[in-house]
Amino acid sequence: MHVAAILDIKGREVVTLEPDKTLADAARLLAKRGIGTVVVTAGDDVILGILSERDIVRAVATLGAGALEAPISAHMTRAVKTCAGADALRSIMERMTAGRFRHMPVIERARLVGIISIGDVVKSRLGELE
């Protein structure tokens with residue numbers, strides 16, 4: 001199975017925020033949407049970074065509650081690992097496990113077209129094994 005098959009099932013919506021929004025803005029959005037990661041873009045589907053719940057926790061643990069007023073750009077991961085729709089799930093699972101990250105944006109023709117989580121990949125792989 002490939003990444004595109006997961007997107008065909010779960011959809012291609014990706015929650016994004018601009019880099020000048022605060023960590024508090026991101027935390028509220030993550031809580032409201034029940035998700036663990038937001039992709040940081042300039043509004044044009046070009047990825048600037050990714051911000052996870054872990055990033056927010058690290059910022060607060062290091063800087064205290066005042067970190068929540070910092071811009072996302074100060075705490076996001078800039079070197080974002082991405083995949084394509086044609087990528088095999090086995091290789092994605094290996095990359096996510098080795099890199100110790102849980103979300104991977106999907107890129108086609110240099111544009112953001114979806115996002116998959118380790119949960120999506122595991123669920124799909126278990127379905128294949130059954």
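Notes on the structure follow. (Residues numbered from 1 in each chain as written. Predicted model: local features only at pLDDT ≥ 70, side-chain atom pairs only at ≥ 80, totals over all residues. Heavy atoms only, no water.)

**Digging into the side chain of Ser117**
- Residue placement: Ser117 occurs in strand β5 (residues 111-117).
- Leave out the neighbours within four places in its chain, and Ser117 touches Met96, Arg102 and His103. (Helix = DSSP H or I, 4+ residues; strand = E, 2+ residues; numbered from the N terminus. Contact = heavy atoms within 4.5 Å.)

**Focus: the pairing of β5**
- For β5, the tally of buried residues reaches five of seven residues, placing the bulk of the element in the interior.
- As defined by bridge partners, strand β4 (residues 103-108) adjoins β5 across six bridges and the pair is classed as antiparallel. What sits directly across from Met104, in β5, is Ile116.
- Counted along the chain from β4 to the antiparallel partner β5, the turn is two residues long, and its residue Arg109 has a positive phi close to 50°. (Buried < 20%, exposed > 50% of the residue type's maximum accessible area, 1.4 Å probe, protein only. Pairing = 2+ DSSP bridges.)

**Regarding helix α1 (residues 3-10)**
- Buried within α1 are the following residues: Val3, Ile6 and Leu7. All buried residues of α1 lie within an arc of 100° about the axis, which places them on one face of the element. Seen from the open side of α1, the exposed residues pointing more than 90 degrees away from its buried face are Asp8 and Ile9.
- In the core, the buried residues of α1 are packed alongside α4 (89-99), β4, β5 and α5 (118-129).
- The first or second residue beyond α1 is Gly11, which carries a positive phi of 100°. (Arc of directions from axis to C-beta.)

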